[in-house]
Amino acid sequence: MPAVKAFRVLVATDGSTAARAALTTAVRFPWPSGARGFAVVAKETGVEFSPAVLVAALDHAADLTALRAQRSLATRWPDGQARVIEAEPVEAILREAKAVRADVIVLGWRGHGAVRRLLSGSVSRGVARRAPCAVLVVRRARRECRRVVIGLDASAHAARALELLTALTRPDGGHVTLLRAIDTMPVPAQALAPSGTRASVATEVARINDTRRAAAHKDLTRAAKVLEAAGWDVDQVVTEGAPLHDLLAVVAKTHADLVVVGARSATGLRHLLLGSVAEGAMNASPVPVLIVR
């Protein structure tokens with residue numbers, strides 16, 4: 001039988017505080033058994049860096065950042081490697097992700113390191129929007145990942161998010177909160193309609209909303225069984241508010257260590273290549289956000 005490809009983790013770093021948080025989180029994260037770790041440092045050079053002394057300083061900074069990243073990786077992956085790529089940051093990260101066949105890219109949010117601010121917010125967004133694999137965006141370091149919130153809808157991306165979560169090595173006391181935000185239908189204003197008509201419309205709207213609630217609970221129950229079979233404790237939450245607001249509220253209420261979302265919403269795109277909930281979570285979540293394609 002052919003060998004099964006090991007899960008591959010690529011950490012993007014520029015040596016900044018945010019990058020160190022990403023490295024700390026990556027080496028402590030409960031990746032699937034047998035995972036391998038890599039790191040990439042982007043180094044941009046161009047006419048604005050023409051003075052030889054500045055070019056030499058950037059080369060030294062990039063090499064030092066890569067060395068430190070490799071030492072961090074070695075605490076979990078003794079064979080972990082860090083490479084310096086001479087390219088614009090987003091391109092460097094995506095190029096290396098392809099080269100190592102990464103299953104997930106880990107990067108910080110808004111870094112300001114010496115190596116051309118690799119982890120600026122725009123770079124994090126650019127990678128998340130274009131990456132062919134999952135992306136873990138880290139705002140602050142997490143040394144454990146016991147409490148997880150996952151936003152589920154009817155999309156294929158959400159299904160893959162659940163699949164990836166199931167593949168993780170369940171930590172002791174691992175707990176998942178499944179969230180489904182449904183869109184309920186309001187009763188339309190019918191001031192001039194006969195009372196019988198208004199009552200009939202209200203009854204039909206209530207039936208539709210009850211059907212949506214029942215379908216949401218059924219979907220979450222199905223997902224819960226999959227996670228429970230993998231050893232996770234599971235709670236289910238169905239809400240009827242704005243999806244991003246409800247997601248962040250549940251993250252706060254459960255003191256989550258991680259939020260997991262699919263890259264695109266089932267209800268359509270609000271951005272070019274990233275769903276509105278995924279984009280909003282990446283911008284606002286106080287805990288790492290795992291965006292799954």
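(A) Up close: the pairing of strand β4 (residues 104-108). Counting buried residues along β4, five of its five residues qualify, which places the element largely inside the surrounding structure. Of the two faces of β4, the one holding Val 104, Val 106 and Gly 108 and the one holding Ile 105 and Leu 107 are both buried throughout. Bridge count for strand β1 (residues 8-12) against β4 is three bridges, and the pairing is parallel. Each bridged residue has a counterpart across the sheet, and for Leu 10 the counterpart in β4 is Ile 105. One ladder, built from five bridges, connects β4 with strand β5 (residues 134-138); its direction is parallel.

(B) Region of the structure containing the pattern of salt bridges. Scanning the entire structure with this criterion turns up 13 salt bridges. One salt bridge connects Asp 219 with Arg 180, and the closest N-O pair in it is separated by 2.9 Å. Separated by 39 residues along the polypeptide, Asp 219 in helix α6 (residues 195-229) and Arg 180 in strand β7 (residues 175-181) bring together distant segments of the chain. Relative accessible area serves as the criterion here: at 26%, Asp 219 is assigned to the partly exposed category. Note on Arg 180: relative accessible area 13%, which makes it buried. Shared partners join several salt bridges into a network, and the residues in it are Arg 142, Arg 147 and Asp 257.

(C) Here's a closer look at the packing of helix α7 (residues 243-253) against helix α8 (residues 276-284). Two numbers describe how α7 lies on α8: the axes approach to 9 Å, and their chain directions differ by 45°. Classified by the angle their axes make, α7 and α8 are oblique. Crossing handedness for the pair α7 and α8: right-handed. Residues Pro 243, Leu 244, Leu 247 and Leu 248 of α7 touch α8, and the partners they reach there are Val 277, Gly 280, Ala 281 and Ala 284. Grouping the constituent residues of the contact of α7 with α8 by class yields seven nonpolar, one polar and no charged.

(D) Molecular detail of the environment of Gly 174. You can see Gly 174 is positioned in the loop between α5 (156-167) and β7. Between the alpha carbons of Gly 174 and Val 234 there is a distance of 8.8 Å; along the sequence they are 60 residues apart.

(E) Spatial organisation of the confidence of the model for the chain. With 85% of its residues at a pLDDT of 70 or more, the chain shows a mean pLDDT of 87. Across residues 111-120, confidence stays below pLDDT 50; counting only partners more than four residues off in sequence or on other chains, it has 47 contacts. Confidence over residues 265-273 falls short of pLDDT 50; this stretch has 15 contacts with residues more than four positions distant or in other chains.

(F) Expanded view of the environment of Ala 62. In this fold, Ala 62 is placed in helix α2 (residues 52-74). The sequence separation of Ala 62 and Arg 83 amounts to 21 residues, and the corresponding C-alpha distance is 9.3 Å.

(G) Here's a closer look at the nonpolar core. Ranked by size, the top nonpolar core spans 46 residues in total, and within it Trp 31, Val 106, Leu 136, Ile 150, Leu 178 and Leu 290 carry the most contacts. In contact with Leu 178, not counting residues within four places along its chain, are Ile 150, Leu 152, Leu 220, Ala 223, Ala 224, Leu 227, Val 234, Asp 235, Gln 236 and Val 237. Within the second largest apolar cluster, 39 residues are counted, among which are Leu 10, Ala 12, Ala 87 and Ala 263.

Conventions adopted
- By convention here, each chain's residues receive numbers from 1 onward along its written sequence.
- A pLDDT threshold of at least 70 governs which residues receive local features in this predicted model, and a stricter bar of 80 or more applies before side-chain atom pairs are shown or counted, although totals over entire chains, interfaces and linings include all residues.
- To get the side-chain values, take all heavy atoms of the structure and skip hydrogens and water.
- When a residue's accessible area, from a 1.4 Å probe over protein chains only, is under 20% of the maximum for its type it is buried; when over 50% it is exposed; and in between it is partly exposed.
- In DSSP terms, a helix is any run of H or I states spanning at least four residues, a strand is any run of E spanning at least two, and both are numbered starting from the N terminus.
- We call two strands paired when DSSP finds no fewer than two bridges between them.
- For this document, the term salt bridge refers to a Lys or Arg side-chain nitrogen within 4 Å of an Asp or Glu carboxyl oxygen.
- Note on method: axes are straight lines fitted to C-alpha atoms, helices fitted across the in-contact stretch only, with angles between N-to-C directions ranging 0 to 180 degrees.
- The labels follow the angle: roughly parallel below 35 degrees, roughly antiparallel above 145, roughly perpendicular from 65 to 115, and oblique for the rest.
- Note: crossing handedness is left-handed where the near helix turns anticlockwise from the far helix by less than a right angle, and right-handed where it turns clockwise.
- Here, two residues are considered to be in contact whenever any of their heavy atoms come within 4.5 Å of each other.
- Amino acids are sorted into nonpolar (Ala, Val, Leu, Ile, Met, Phe, Trp, Tyr, Cys and Pro), charged (Asp, Glu, Lys and Arg) and polar (every other residue, Gly among them).
- Residue-level confidence of the predictor, termed pLDDT, takes values from 0 up to 100.
- Residue types Ala, Val, Leu, Ile, Met, Phe, Trp, Tyr and Cys, when buried and joined through side-chain atoms within 4.5 Å, form a set referred to as a nonpolar core.

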